[in-house]
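# Structure assessment
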There are 2 protein chains.
Amino acid sequence: MARWEPGADGRLREAALTLFLERGYEETTVAEIAQRAGVTARTYFRHFADKREVLFSGAEGVRAGMAEAMAGAPADATPVAVAGLALDAAAEAIGHRRDFYRQRQVVVEANVELQERELMKLAGLADVLAAGLRERDVPDPEARLVAEAAITVLRVGFHRWVASAHDTVDLGVTLREVLGELVGLRG
Amino acid sequence: MARWEPGADGRLREAALTLFLERGYEETTVAEIAQRAGVTARTYFRHFADKREVLFSGAEGVRAGMAEAMAGAPADATPVAVAGLALDAAAEAIGHRRDFYRQRQVVVEANVELQERELMKLAGLADVLAAGLRERDVPDPEARLVAEAAITVLRVGFHRWVASAHDTVDLGVTLREVLGELVGLRG
């Protein structure tokens, strides 16, 4: 498996995913992940709060990218257009790691705890989006609705992307497609 | 607090909510809930799989109502119209218990485990909706998108409903409003 970044946190993510796929998530300990990555368990906990978190560190990059994209969106952008730029940023943050996310998906789908953590991360991203829209003077309830709709797009598009049989599928393009489909829904 | 249904399961829900509000979710044991409801812990576990589940039994009625509404929808109903009927059924199943859900919301918002369970229940309802749409020959990816969009409506509308200062607010009306707003979103 290719290393997707240098440093202990990247090695820990790689080691964790490999062990989770080989043995199962529940059967793997933090000590084993750390050992495989060549670091101590203490180093693990400097990077990740618990065993689950090693699979969710991408959320921080997505969160930061989304916040920055929203803050930098043109003043006259509609709420949906701002959400679209935030989704572009999400794709930018994680879209180059499709192999990682495809394998990670196998692990997540086999474990309820991991599914719960994933849903909580997505809920946290919805809060970031809603806050970013409110800062742009989009009032509630519109800010909340657009934020939740954008997270629905992220969720649906992400699953479509990892499930695709085509290695060339692009996350950013996929998210824009799903956003277009959502906005195009008619009663 | 009014009893909202007869039988042990209703008494257990009432007892659990009262104790969670008084002492906190984490500080309350299943044994204490059972004692307050006048039953044994064994009876508790005949009704609910774990301590969390006592707050989520409404999901079963929602699930059943949604499935029935979708199966009974007119043959020429659009996917969004079918989802709308499913949302009406969800409102029918839980909308008469606003006091319960308002108090329950205080407990859920104070505890991450409960938030996780709630998100998992909603994800399960999305699967029910997607399956119901597929049975009506709505293909994926449309079935999945409409199902997830409808659950976004349920999530946003439910929060708007429990947060409303007006006791007369109707869950069914609120869900229809939010669905209209979602379908009305423009890029």
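### Quick notes on the overall build of chain A
In terms of regular secondary structure, chain A is built from nine helices and zero strands. Against the 2.2 N^0.38 benchmark of 16 Å for 187 residues, chain A shows a C-alpha radius of gyration of 18 Å, consistent with a compact globule. Among the 187 residues that make up chain A, the fraction classed as buried is 54%. If you take every contact in chain A between residues at least 6 apart in sequence, the share linking residues at least 24 apart comes to 62%. Carbon and sulfur atoms make up 52% of the accessible area of chain A, which totals about 8,500 Å².

### Here's the deal with the interface of chain B and chain A
Between chain B and chain A, the residue contacts involve 27 residues of the former and 27 residues of the latter. Taken together, the two surfaces of chain B and chain A that pack against each other cover about 2,600 Å², and 68% of this comes from carbon and sulfur. On the chain B side of the contact with chain A, B:M120, B:L145 and B:L185 bury the most area, a combined 24% of that side's loss. Connecting chain B to chain A are four salt bridges. Where A:E116 meets B:R52, a salt bridge forms, and the shortest distance between an N and an O atom there is 3.5 Å. Taken together, the connections running from chain B to chain A amount to seven residue pairs in polar contact (both at pLDDT 80 or more). Looking at the side of chain B that touches chain A, the elements with two or more residues in it are α5 (79-94), α7 (112-135), α8 (142-163) and α9 (171-183) of chain B.

### Remarks on helix α1 (residues 7-23) of chain A
Because each turn of an α-helix spans 3.6 residues, side chains separated by three or four positions in sequence point in the same direction. All names here are of chain A. For α1, which comprises 17 residues, the first-to-last C-alpha distance of 24 Å matches the rise-based estimate of 24 Å (1.5 Å per residue) to within 8%. Among the residues making up α1, those that are buried are A8, G10, L12, R13, E14, A15, A16, L17, T18, L19 and F20. Among the structural elements, α2 (30-37), α3 (41-47) and α6 (98-109) are those in contact with the buried residues of α1. The first or second residue beyond α1 is G24, which carries a positive phi of 100 degrees.

### Quick look at the domain arrangement of chain A
Residue and element names in this part refer to chain A. Considered domain by domain, chain A is made up of domain 1 (7-52) and domain 2 (56-183). One C-alpha centre belongs to domain 1, the other to domain 2; they are set 26 Å apart. Taken together, the contacts link nine residues of domain 1 with 13 residues of domain 2. Here domain 1 packs against domain 2, burying approximately 1,100 Å² in sum over the two surfaces, 59% of which is carbon and sulfur.

### A look at the packing of aromatic side chains
The geometry of two aromatic rings is summed up by the distance between their centres and the angle between their planes. A complete count under the given rule lists 14 aromatic pairs over all chains for this structure. Seen in terms of ring centroids, B:Y44 and B:F45 are 5.2 Å apart; in terms of plane orientation they differ by 80 degrees. Their pairing is edge-to-face. Connected via pairs of aromatic rings, a cluster forms that spans A:F100, A:Y101, A:F158 and A:W161. Positioned above the aromatic ring of A:F56 is the side chain of A:R104, whose terminal nitrogen or guanidinium carbon lies 4.8 Å from the ring centre.

Procedures and definitions
- Residues numbered from 1 in each chain as written.
- Chains lettered and ligands numbered in written order.
- Predicted model: local features only at pLDDT ≥ 70, side-chain atom pairs only at ≥ 80, totals over all residues.
- Heavy atoms only, no water.
- Helix = DSSP H or I, 4+ residues; strand = E, 2+ residues; numbered from the N terminus.
- Rg over C-alpha atoms; globule rule 2.2 N^0.38 Å.
- Buried < 20%, exposed > 50% of the residue type's maximum accessible area, 1.4 Å probe, protein only.
- Contact = heavy atoms within 4.5 Å.
- Areas by Shrake-Rupley, 256 points an atom, 1.4 Å probe, with all protein chains shown as cover.
- Buried area = accessible area lost by both parts, 1.4 Å probe.
- Salt bridge = Lys/Arg side-chain N within 4 Å of Asp/Glu carboxyl O.
- Polar contact = N/O pair within 3.5 Å; in protein donor to acceptor, adjacent residues only side chain to side chain.
- Expected span 1.5 Å × (residues − 1).
- Domains from an automatic or database assignment.
- Phe/Tyr/Trp six-rings, centres within 6.5 Å; stacked < 30°, edge-to-face > 60°.
- Lys NZ or Arg CZ within 6 Å of the ring centre and 35° of its normal.

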